[in-house]
Amino acid sequence: MSPQKKNRLKAATFSFKGRGRLSKGKDLDVAYVSHKQVIGKKRKMTWVESCADALYDAAPTPSPSSSPRKRVREETQQLSSIQEEFDREVFSDFISYTENQPRKTKTQNDFIQEYLPFRDSYLNILLDLEKPSEVLECQSCQIGDGKFHCLTCSGDQTLCHPCMVKTHQHLPFHKVQEWTGKCFEDKSLEELGFVWYMGHGGQPCPFSEDPQAWEDMPVDAEAGSVPMETFSSSTTTSTLTIIHSTGVFLHNIVWCGCPGSQRQQHLQLLKARLFPASITRPRTAFTFEVLDHFLIDALECKTSASSFFEKIRQMTNHSFPDTVPNRYRELMSVSRLWRDLMSRKCFGFGHDTQEKPGKGDLAWFCPSCPQPGINIPDNWQDNWLISQRYVVDGNFTAQHMTMKMPQLDISLSDGLGYMVKDREYQAHLSLAVESKERSSCSNHRAINTANINRSNLRATGVGATACARHGCFVPHSIVDFQKGERHMNIDYSICNALNYHSAGIDSSLIIYDVGCQWSINFLQRVAESQGLSIPENMQIIPAVGKFHLSAHKLACFARYSLNFVQGAGHVDGEILETLWAPFNKISPTARSMSHAHRQEVLDDHMRDSNWKKLVGITKTLLTKYKRALKGVDETKSPFDELTWSLNPEKISIWEIEEKKAVEERGEYLDIYQLQINKAPTMAEIRLKLTESENDDTRHPGTVSWLITGINLEDLQDALRADIRQLPSDATSAQKTSIEEKRQRLAARIAKFHETADAMTAGMDLDIGTVHSDDPRFCRTDNDGTEWVDVSDEEISEDIDEEILTEEMGIWMPSSVSQHNGTLGLGPLQAEELELRKGQANDCLENLRMALGHKALIYRQYFRSADSTWAGTRSKQEARQCQLKIDKYVRSYQRARSAMECLGMEEATLGSIYREIMPSKLSIDKEVTEENRFGQGSDGLAWFWRVNNANEGQEDAWMDEFYRVNWLKAKARWSRWEEELSLNGTEGGSKQLDRVIKPMLINRS
């Protein structure tokens, strides 16, 4: 390696002492390379590898190029090589490299595979650590016997008895062991004579009358012990059980003897960072560290106090944990006090003891939601961005059992966090009257369980209100349920949320699973209740979360969908469901707590949840801003294209309807629903043509004759389908049935052609059209995927027909080119064209119904089947639906082929009657399930919106369809535009633009 490269390597990483150039595919491991000093060409000492052939190439370094450009290129390559060497050295434990392949992150199995060869070595080292040191004397004083070593201290020093106590004077929670001659035995510092002095920095109290207390402790080298100090009557000694994060310890405590301190032992413990378990005569204390560990374990791991203390006992004595003092009850009490003190300290109520916290003052809230006087400017009025957006939901997992003596319960933070003040809440419930009503929308569990009472439970669950955009619980708005999710409970939660930092805000979006029922009489209930109030002139906009809306009746979709709420942005209204998931893990623990203790635990977990939202709000807003930019791009172009293709006069009318619906809401929002259900059917077209049949020179009965020809094509298709269903070893009865069908169908085809001679006045007819089935839509009932080809010879062994019936050509006007006008078939071809349109419309309508039926089978029957029989039957029904779908597609293909032969315009075929691809036959629920979840950015498959309207003719179905789809497309684009504006306002649009837009440009 050249000196220049060596210097760069040293500067980029650290000194490797000139280790040469890496060979490809080799690891850089210092342990396997030895170095020696040699004299270089310039008579300077340098380092080279003595045995590095397997790891390094000793190729000489080429001389630098004379060209400046080449020199820069070479230096760049060298720097990249240095960076690669550095990455291999630093990340070799986590990244595996292979030659000519990209690096791959190691898996757990890779680490285990590397460990296996060293397992015995590891085990030997662990056993060596349990034997005494070879040095017999104390490694500190060099006098006493080194029989003691500390497991907590780093290193393997062995000390004598006095040195061990002296070195651990300020390390009272270290674990010490003594060598007995056979093994190491656990010894506590208390057994070795350790004394913990309260006050004065761990030194004896100056008011002690014992002069020896301030002298150096004499050492008896032979005895290897330290004589215990003697104390005057002004000092007292106690034995305390102290719980630390590493175990339970017993210590001799000498209290401070200063005047006025005899009755304040609990305060002396606090100054020593020990929390006493009692005030009067403390005999148990907890370190601040173990209390912090318990609160963090409870928040992150959802650990109960019982499990946590059992862990401490196991850490103290793994073999016999029952011998360790059980301080579980003391931990329950002390942890409540510690949680209360930490929350008050965190929110600034420790510096000013005169100011007391009020409702919700010990709670975090969303930093991005608008709060006048806190996070929005003074001139925010008349801005649609400033609005409350809340989501409400209940959780029936957070139950609470009835207390035996609730009058003895003492609360430390009633109403100061997220749970409401209990006395005021109970007063509201005592005066409120709940109407026992059944839901008029759907069989909602939240409403219908409101009358269920459980005598053993004080609370059947909780109801919460959170900001809908970021998922932060609203302070002082969490309520308990008594008999299910009643309106009186939810009303109290919502009213408290609406009054929280909302001065001047005049609109609020409330998203609730049963918002359609709750909002009917909400304002009336508020007016009649003494415990409920909302800000003056507050407009309440009810909505239902997108997931729950799919369970409502279709009438609720337009009126309560978030897709049609101006100013809602792109929210799903289900964010509380994600908050309940971790919340449910603590519900079993809090179920049997006292009411006050449960309230404090729930407040603490909600406070922790909001804090995580608060510190991560920047990353969240950046992610949402980036998604909003993408959403705007994906929805604006389709909306503009749809608008450009429609009649501007109709769009003007739709815009007026939309504006009125946004302002008035209610029943005016029904404009987003389809008002006409079906396009013209073939029966309707046949009736119309028959009525006008005698108005011109056409032969009577032509419509019936054309209908017969179309039906014969369908019968041929059905016969071909029956043949495909035959097994390879078909029985004689099955073959006979097929032949009988062939004979009957052949007779009907012959009769049809005889009628054709009369219709065409004896014209010489060509061979009729022979339709071939598309193999992509020719499934069988055996497995639903393959086309089982049964040989026709096997079925028609005794038939001498040259052409099989199912393959006969049927002559129709479409069999003759539309451009051949000399035959005089124009009227017949026009009639067939209209009938083919009706046939196509019928096929598409049946196709939609079959797809909807298939979706219903999969959703309600197949997935919820509780037995093998039910599952098998549902699967068979789904296969039958698939066979019908294929049948309708084949019929549609015949109709489309005939329309193409009859001269239908390419534009009509390309825009209205398109070709059906198998990929488009997935279950689409735009029409069959309009109120489904997840339609914020979706679109329609073309055959869900097709009909026969073209050439500018008036058609109510198409107008209705395009009206609804235009309104929905505009709503999707508007919501994404609002989302973009909201994210820019919540996080500062300039800062977000500066971070996000360069990322999008680089990716594009």
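Within every chain, residues take consecutive numbers counted from 1 along the sequence as written. This being a predicted model, a pLDDT of at least 70 is required before a residue's local features are given, and a value of 80 or more before pairs of side-chain atoms are given or counted; all residues contribute to the totals for chains, interfaces and linings. The side-chain values count all of the structure's non-hydrogen atoms but skip hydrogen atoms and water molecules.

What to know about the overall build of the protein chain
On a plain count of helices and strands, the protein chain comes out with 30 helices and 21 strands. Looking at the 1004 residues of the protein chain, the share that counts as buried comes to 46%. Only heavy atoms enter the contact rule, under which two residues are in contact if any of them lie within 4.5 Å. In the protein chain, the share of contacts with a sequence separation of at least 24, taken over all contacts with a separation of at least 6, comes to 70%. The way it works is that DSSP assigns letters per residue, a run of H or I at least four long becomes a helix, a run of E at least two long becomes a strand, and they are numbered from the N terminus. Any residue under 20% of the maximum accessible area for its type is buried, any over 50% is exposed, and the rest in between are partly exposed; the area is computed with a 1.4 Å probe on protein chains only.

Regarding the sheet that holds strand E12 (residues 247–254)
Pairing is mixed in the open sheet, where five strands are placed in the order E10-E12-E11-E14-E13. Looking at which strands have only one partner, the edges of the open sheet turn out to be strand E10 (195–197) and strand E13 (274–276). Neighbour to neighbour, the strand axes of the sheet diverge by 40 degrees on average, direction disregarded. Alignment of strand E11 (residues 237–244) against E12, held across eight bridges, turns out to be antiparallel. What sits directly across from Leu-240, in E12, is His-251. Orientation is described by lines fitted to C-alpha atoms, with helices fitted over the stretch in contact, and by angles between N-to-C directions that extend from 0 to 180 degrees. Against the sheet, helix H7 (residues 288–301) contacts E11, E13 and strand E14 (284–287), and its axis sits at roughly 70 degrees relative to E14. At least two bridges found by DSSP between two strands are what make those strands a pair.

Examining the packing of helix H8 (residues 305–316) against helix H9 (residues 328–346)
Contact geometry for H8 and H9: axes closest at 9 Å, N-to-C directions at 120 degrees. It follows that H8 is oblique to H9 by the angle criterion. For the pair H8 and H9, the sense of crossing is right-handed. Contacts between H8 and H9 pair Ala-305, Ser-306, Phe-308 and Phe-309 from the former with Tyr-328, Leu-331 and Met-332 from the latter. In this scheme, roughly parallel covers angles under 35 degrees and roughly antiparallel covers those over 145, while 65 to 115 is roughly perpendicular and the rest are oblique. By the definition used in this description, the sense in which the near helix is turned from the far one sets the handedness, with an anticlockwise turn below a right angle giving left-handed and a clockwise turn giving right-handed.

Re unusual backbone geometry
A positive phi is found at Gln-142, a non-glycine position, where the angle reads about 60 degrees. Here Gln-142 is to be found in the loop between helix H4 (119–128) and strand E7 (148–150). Here Gln-142 falls in the partly exposed class, since its relative accessible area comes to 48%.

Digging into the pattern of salt bridges
Here, a salt bridge means any Lys or Arg side-chain nitrogen found within 4 Å of an Asp or Glu carboxyl oxygen. Scanning all chains against the criterion turns up 31 salt bridges. The salt bridge partner of Glu-114 is Lys-106, with a shortest N-O separation of 2.5 Å. Its relative accessible area of 15% is what places Lys-106 among the buried residues. Here Arg-890 and Asp-717 are joined by a salt bridge, their closest N and O atoms 2.7 Å apart. With Arg-890 in helix H27 (residues 868–901) and Asp-717 in helix H23 (residues 702–725), the pair connects residues that are 173 residues apart, well separated along the chain. The same class applies to Arg-890 and to Asp-717, which are both buried. Connected through shared salt-bridge partners, Asp-714, Asp-717, Arg-720, Arg-890 and Arg-894 make up one network.

Re the confidence of the model for the protein chain
Of the residues in the protein chain, 70% reach a pLDDT of 70 or more, and the chain-wide mean stands at 76. Confidence per residue, as judged by the predictor, is encoded in pLDDT with a range of 0 to 100. Ranking the elements of the protein chain by mean pLDDT puts strand E4 (residues 56–57) last, at 37, and E14 first, at 96. Throughout residues 47–61 the model reports pLDDT below 50, and contacts reaching past four residues in sequence, or to other chains, amount to 43 contacts. Predicted confidence for residues 694–698 stays below pLDDT 50, and this span has five contacts to residues more than four positions away or in other chains.

Some points on the packing of H7 against helix H19 (residues 595–615)
It is the contact of H7 with H19, at a shortest axis distance of 10 Å, that shows an interaxial angle of 75 degrees. Taken together, the axes of H7 and H19 lie roughly perpendicular to each other. Counted together, Ala-298, Leu-299 and Glu-300 of H7 and Asp-604, His-605, Asp-608 and Lys-612 of H19 form the full contact between these two elements. Under this grouping Gly is polar, as are all residues other than the nonpolar Ala, Val, Leu, Ile, Met, Phe, Trp, Tyr, Cys and Pro and the charged Asp, Glu, Lys and Arg. When grouped by side-chain class, the residues that make up the contact of H7 with H19 number two nonpolar, one polar and four charged.

Some details on the sheet that holds E7
Ordered in space as E7-E8-E9, the three strands form an open sheet in which the pairing is antiparallel. Edge positions in the open sheet fall to E7 and strand E9 (184–187), since each of these has one partner strand only. Averaged over all adjacent pairs, the angle separating strand axes in this sheet is 35 degrees, with direction ignored. In this sheet, E9 lies alongside strand E8 (residues 176–179) in antiparallel orientation, the contact comprising four bridges. What sits directly across from Trp-179, in E9, is Phe-184.

Points about the state of the cysteines
We call a pair of cysteine sulfur atoms a disulfide when they lie within 2.5 Å. Inspection of every chain in the model, using the stated rule, returns zero disulfides. Note on Cys-256: no disulfide assigned, nearest cysteine sulfur contributed by Cys-258 at a separation of 3.2 Å.

Some thoughts on a nonpolar patch on the surface
Patches were defined on residues exceeding 30% relative accessible area and lacking a salt bridge, with like-charge contacts within 9 Å and nonpolar side-chain contacts (Val, Leu, Ile, Met, Phe, Trp, Tyr) within 5 Å. Where accessible areas are quoted, they stem from the Shrake-Rupley method and a 1.4 Å probe; at the residue level, only the protein chains shown are allowed to cover. A contiguous nonpolar surface patch, about 470 Å² in accessible area, is contributed by Ile-112, Tyr-115, Leu-116, Phe-118 and Tyr-122. Residue placement: Tyr-115 occurs in helix H3 (residues 108–115). Given a relative accessible area of 34%, Tyr-115 falls into the partly exposed group.

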